[in-house]
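Structural features, examined
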Amino acid sequence: MIPRFLRRATVLVTTVASLLAANLLLAAPANAAPANCPSGTTCLWEDPNYLTNGSSARLQWYRYSIANFRNYTYQGTSINLANTVTSVYNNGNTDASFLFTGPNKGGDGFILYVGTGKTQVGSLFNDNLESGYFQSCLPPSVCE
Ligand SMILES: [Ca+2]
Ligand SMILES: [Ca+2]
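The notes below deal with the structure included here. (Residues numbered from 1 in each chain as written. Chains lettered and ligands numbered in written order. Predicted model: local features only at pLDDT ≥ 70, side-chain atom pairs only at ≥ 80, totals over all residues.)

1. Here we look at the overall build of the protein
Within the protein, the secondary structure is distributed over 1 helix and 8 strands. Moving toward the C terminus, one meets the helices and strands of the protein in the order α-β-β-β-β-β-β-β-β. Burial statistics for the protein: of 144 residues in total, 31% are counted as buried. A fraction of 62% describes how many contacts in the protein between residues 6 or more apart in sequence connect residues 24 or more apart. (Helix = DSSP H or I, 4+ residues; strand = E, 2+ residues; numbered from the N terminus. Buried ≥ 20, exposed ≤ 12 C-beta atoms within 10 Å, placed from the backbone. Contact = placed C-beta atoms within 7 Å.)

2. Notes on the sheet that holds strand E7 (residues 117-118)
Remark on secondary structure: sheet strands pair via backbone hydrogen bonds, oriented parallel or antiparallel. The strand order across the open sheet built from 4 strands is E2-E1-E4-E7, with neighbouring strands paired in antiparallel fashion. This sheet does not close on itself; its edge strands, each paired only once, are strand E2 (60-62) and E7. As paired elements, strand E1 (residues 41-45) and E2 share 3 bridges and run antiparallel to each other. By the bridge assignment, leucine 44 is partnered in E2 with glutamine 60. (Pairing = 2+ DSSP bridges.)

3. Digging into the sheet that holds strand E3 (residues 65-66)
Pairing is antiparallel in the open sheet, where 4 strands are placed in the order E3-E8-E5-E6. Looking at which strands have only one partner, the edges of the open sheet turn out to be E3 and strand E6 (109-112). The sheet contact formed by strand E5 (residues 97-100) and E6 spans 4 bridges and is antiparallel. The residue of E6 that forms the bridge with leucine 99 is phenylalanine 110.

By themselves these figures say nothing about function.
Written as structure tokens, this is what we have:
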């Protein structure tokens, strides 16, 4: 029979170990880009949590910029990008991304740093975005 104090110590060690394991499990996905978002692009979905109608594959992305979301749909859907985007992820290499409520950098904008995303953009931007640019495409230069 194991003495009670030893059993208690074992439980404590097990608890610490499982907490550490849980932490490691939680830490890994936080750094990973959402599924189906290609490296070097900023990705856009219609719904929260990097999904469109329940699928992460129904997305649209830009490697440089999209001056007018009106010209694009989410892949595999007929849903127009303009004023429907709800979640975004910058899976670029170095540049921050800028998203605007109007076409051609119009309206209000926000910055999305590289390697970060928003599972739901703020209420000012939700279902309101119409153009997006990586930083190097923000100057008058056009690189769509
Ligand atoms: Ca939406
Ligand atoms: Ca808008």
